[in-house]
Amino acid sequence: MESKYNYFKRDISWLSFNYRVLLEALDERLPLYERINFISIYSSNLEEFYKIRVADHKAVASGATESDEETVQSARELVEEINKEVTRQLDDRVRIYEQKILPALRKNHIIFYQDNHVEPFHQQFIKDFFREEIFPYLQPVPVSKDKIVSFLRDNRLYLAIRVYPKKEEKNKGEETKENIEKYTGECINERNDGEGIKVGMEAARPNVTDLRQPLYFVMKQPYAKVPRFIELPSREKNHYLMFTEDIIKANLNLIFPGYDVDSSYCIKISRDADILIDDTASSADLVAQLKKKVKKRKIGDVCRFVYDRAMPSEFLDFLVDAFRIQRDELVPGDKHLNLEDLRHLPNPNKSLHSLEKPKPMKLTVLDEKESIFNYVAKKDLLLYYPYHSFEHFIHFLYEAVHNPETREIMVTQYRVAENSAVINTLIAAAQNGKKVTVFVELKARFDEENNLATAEMMQAAGIKIIYSIPGLKVHAKVALIRRRGLNGEKIPSYAYISTGNFNEKTATLYADCGLFTCRKEIVADLYNLFRTLQGKEDPKFTTLLVARFNLIPELNRLIDREISLADEGKQGRIILKMNALQDPTMIDRLYEASEHGVQIDLIVRGICCLIPGQSYSRNIRVTRIVDSFLEHARIWYFGNDGTPKVFIGSPDWMRRNLYRRIEAITPVLAPDLRDSLIEMLNIQLADNQKACWVDDKLQNIFKKRTPGTPTVRAQYTFYDWLNKTNS
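Residues numbered from 1 in each chain as written. Predicted model: local features only at pLDDT ≥ 70, side-chain atom pairs only at ≥ 80, totals over all residues. Heavy atoms only, no water.

- If you look the protein chain up in an unreviewed UniProt entry, it shows as Polyphosphate kinase from Bacteroides xylanisolvens.
- According to its UniProt record, the protein chain has this under Catalytic activity (unreviewed entry): "[phosphate](n) + ATP = [phosphate](n+1) + ADP".
- Looking at the protein chain in UniProt, the text filed under Sequence similarities (unreviewed entry) is "Belongs to the polyphosphate kinase 1 (PPK1) family." (UniProt positions renumbered as here; feature names shortened; annotations may be inferred.)

What follows is the structure in structure tokens.
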């Protein structure tokens, strides 16, 4: 039955979020290089979006998957809509970069050359730098529309170059052929040079009958050998920077002597990076599949061809034919592509200050001499990252390693940091004679290789490794320390349930929270969950909410409770903080609650398919916060007639999280900890610096500070609140 409600399209909603990231580059209150970094994040996000989401839609649109005609047409229309919105955002990205960022750099005595104009005092330096540092690594490869077989590597920058033989040369026909062979060298012989280009001898030779026929080449930028950004000699107060590709463009005549260089433009290919795995495979087969398929990620199907939009149409048409690009794969870009590299932009002006972000604090009640085991045995503990130090969790594991009563350590791992202190501590536990069991999710996208390598290292150290469950992803972020007294008596075991990964690097960037507890009902439920991951039993959970078991029925019960309160004339209240809201079934429940008068605030960082401002959502408000840290926590509040129920855990409200993954959510039962979460939610809803409303057209409408009210920048205000309560 067709729903009476409407929803935003998931991917168009995500583009709205990414555009909000871009808008941070406009905030002149931020340090300049922080603003530049948001352009980098925006660009990096978009690259991954095309590799995964758009690649999937293109597979459907092309008929590569078994889909009916209506689905295929819908996918084609969606790809067109996505490309149209991305092109619209490009106009704003260019405007922000050229009209805001570059002038701000100049104001701070950093001249970032963007075009052919270079000051006379730098011209010789640029020539010398090109000859000595860049030229040895360049290899132009001829392109022919009909015969050449070319492969452009994923996400690598290339220069597409058009040249003409010089008019004044004698014996032009022979010299043309000679020069091509000379300056393309061994590329002319059929081979694979290891950099992803294959050419054949016949294809490399252009038609020399017409002496002024254009010749086309592509040339990979040598960023493995040369930095993307080059610092030029300073002059007086000014510092100078230049893109490497602009240095190359300025010296193309040295690469093509005997030719007139007509023009050159940057291009790049994005390829399908999704890995299709047989989810029913055994662990051994899954490992073998991943090892094989991860290597093929870089040669996936084209999902977009990005080009400098200043490129003439006939030039673009030639490349489209030569590289067999489909028209729906064309995405215009600016003259400088891959701006995710801006995170590496040198800062030669040392007087430019970085953003003073909140420094992770250590709890005074957990100084180095205090046992976390002893503290948690008395009362629950809630940590907020990155405001609190992740070292507390490392110390928790360290205590388990050296506690003689520790019987077993059980942990899930979704995204593992390289050279991880968490992993090293677990290895130390195994070497110390403890039983250690780690569930490793191999299907964590883009972390498959690292997770696999880490799992094999742990296995070699004697840790029991359990790999992905067939047909499921395990996204729960949980740890369990099982203990027994030395004489067999029962003593407290410890459970830890988090909203974020056990990754000390992302714990300094992502805003998450984690609960330590000795409550027997939570410990027992968590042990049952780990037994389920080992395929040992079908558990019953009394306190934890676990996706695919009791989560959806309990969410429905909680929503029904707020609806019944509203129907009785009491206040129905729901606050949901998460990364994404997409599942139509749960969105319908929120629409229904709104129609009954339940007041609902959603704090959703990314995808939000719920449409506010409709008759059926008139009591729902959607807030989005983008700031120094990535908002990653999932916190759910239900008013419950003045006795609030508050939960934290790993899932967003997306179909995959609610129905196809193992996720764990815990109620926060300690009143003081529950109140601190409520305080956090209230601070985020009061944010008038970095928060915006998402309206019914997916626009980000910044919240304004009401005159006479305090300035609230949620991440910093909450940090200050935590600091004051740190006793």
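From this point, things continue past the structure.
### Observations regarding the pairing of strand β13 (residues 406-413)
Then comes step 1: Summarising burial for β13: 7 of the 8 residues are buried, a large majority.
Then comes step 2: Pairing analysis gives 5 bridges linking β13 to strand β17 (residues 477-483), with the strands arranged antiparallel. Bridge pairing links glutamate 408 to arginine 482 in β17.
Then comes step 3: Summarising the sheet, β13 and strand β14 (residues 435-440) pair through 6 bridges and their orientation is parallel. (Buried < 20%, exposed > 50% of the residue type's maximum accessible area, 1.4 Å probe, protein only. Helix = DSSP H or I, 4+ residues; strand = E, 2+ residues; numbered from the N terminus. Pairing = 2+ DSSP bridges.)

### Quick look at the packing of helix α12 (residues 391-402) against helix α13 (residues 421-431)
Then comes step 1: Close contact between α12 and α13 brings their axes to 9 Å; oriented N to C, the two are set at 5°. Between α12 and α13, the angle is such that the two are roughly parallel. Contacts between α12 and α13 involve Phe393, Ile394, Leu397, Tyr398 and Val401 from the former and Ala421, Val422, Thr425, Ala428 and Ala429 from the latter. (Axes fitted to C-alpha atoms, helices over the stretch in contact; angles between N-to-C directions. Parallel < 35°, antiparallel > 145°, perpendicular 65-115°, else oblique. Contact = heavy atoms within 4.5 Å.)

### Section: the UniProt feature "binding site: Mg(2+)" (unreviewed entry) in the protein chain
Then comes step 1: Under the present numbering, the feature "binding site: Mg(2+)" (unreviewed entry) in UniProt falls on Arg415 and Arg445.
Then comes step 2: Turning to its location among the elements, arginine 415 is positioned in the loop between β13 and α13.

### Quick look at the packing of aromatic side chains
Then comes step 1: Within the structure shown, the criterion is met by 38 aromatic pairs.
Then comes step 2: Taking 6.2 Å as the distance between ring centres and 70° as the angle between the ring planes, the aromatic pair formed by tryptophan 14 and phenylalanine 17 counts as edge-to-face. With a gap of 3 residues between them, tryptophan 14 and phenylalanine 17 both fall in helix α1 (residues 10-23), about one helical turn apart.
Then comes step 3: Members of the aromatic cluster, connected to one another through ring pairs, are Phe373, Tyr385, Phe390, Phe393, Phe396, Tyr494, Tyr496, Phe502 and Phe516.
Then comes step 4: A cation sits over an aromatic face here: arginine 88 above tyrosine 19, 5.0 Å from the ring centre.
Then comes step 5: Over the ring of tyrosine 50 we find arginine 304; its NZ or CZ atom is 4.6 Å from the centre of that ring. (Phe/Tyr/Trp six-rings, centres within 6.5 Å; stacked < 30°, edge-to-face > 60°. Lys NZ or Arg CZ within 6 Å of the ring centre and 35° of its normal.)

### A look at the sheet that holds strand β8 (residues 238-243)
Then comes step 1: Read from one edge of the open sheet, 3 strands run β1-β8-β7, paired in mixed fashion. Two strands in the sheet have a free side with no partner beyond their single neighbour: β1 (110-113) and β7 (229-235). Direction aside, neighbouring strands of the sheet carry axes that sit 25° apart on average.
Then comes step 2: With 5 bridges joining them, β7 and β8 adopt antiparallel strand pairing. Residue pairing across strands places glutamate 231 opposite leucine 241, the latter belonging to β8.
Then comes step 3: Against the sheet, helix α3 (residues 69-107) engages β1 and β8, with an angle of about 135° to β1.

### Digging into the sheet that holds strand β20 (residues 545-546)
Then comes step 1: Strand order in the open sheet formed by 9 strands is β20-β28-β26-β25-β21-β22-β23-β29-β30, and the pairing between neighbours is mixed. The two strands at the open ends of the sheet, each matched to only one other strand, are β20 and β30 (700-702).
Then comes step 2: One ladder, built from 3 bridges, connects strand β23 (residues 620-625) with strand β29 (residues 691-694); its direction is antiparallel. Of the residues in β29, the one forming a bridge with threonine 623 is tryptophan 693.
Then comes step 3: Along the sheet, helix α19 (residues 671-686) makes contact with β21 (573-578), β22 (599-604), β23, β25 (634-638) and β26 (645-649), crossing β21 at roughly 80°.

### Considerations on α3
Then comes step 1: Spanning 39 residues, α3 covers 56 Å between terminal C-alpha atoms, matching the ideal 57 Å at 1.5 Å per step.
Then comes step 2: Just beyond α3, the residue with positive phi is histidine 109, at close to 65°. (Expected span 1.5 Å × (residues − 1).)

### A closer look at the pattern of salt bridges
Then comes step 1: Enumeration over the complete set of coordinates arrives at 45 salt bridges.
Then comes step 2: Here arginine 573 ties to aspartate 601 by a salt bridge, and the two come within 2.9 Å at their closest N and O atoms. Here aspartate 601 lies in strand β22 and arginine 573 lies in strand β21, a separation of 28 residues in the sequence.
Then comes step 3: Overall, the relative accessible area of 16% leaves arginine 573 in the buried class.
Then comes step 4: What emerges from the salt-bridge pattern is a single network uniting Arg20, Glu24, Asp27, Arg29 and Lys690. (Salt bridge = Lys/Arg side-chain N within 4 Å of Asp/Glu carboxyl O.)

### Focus: the packing of α1 against helix α2 (residues 32-61)
Then comes step 1: Direction vectors running N to C along α1 and α2 enclose 170°, while the axes themselves pass 9 Å from each other. Considered as vectors, α1 and α2 are oriented roughly antiparallel to each other. Crossing angle aside, the handedness with which α1 passes α2 is left-handed. Taking contact as the criterion, the partners of Arg10, Asp11, Trp14, Leu15, Phe17, Asn18, Tyr19, Val21 and Leu22 in α1 are, on α2, Phe38, Ile39, Ile41, Tyr42, Asn45, Leu46, Phe49, Arg53 and His57.
Then comes step 2: Class assignment for the residues of the contact of α1 with α2 results in 12 nonpolar, 3 polar and 3 charged. (Left-handed = near helix turned anticlockwise from the far one by under 90°. Nonpolar A, V, L, I, M, F, W, Y, C, P; charged D, E, K, R; others polar.)

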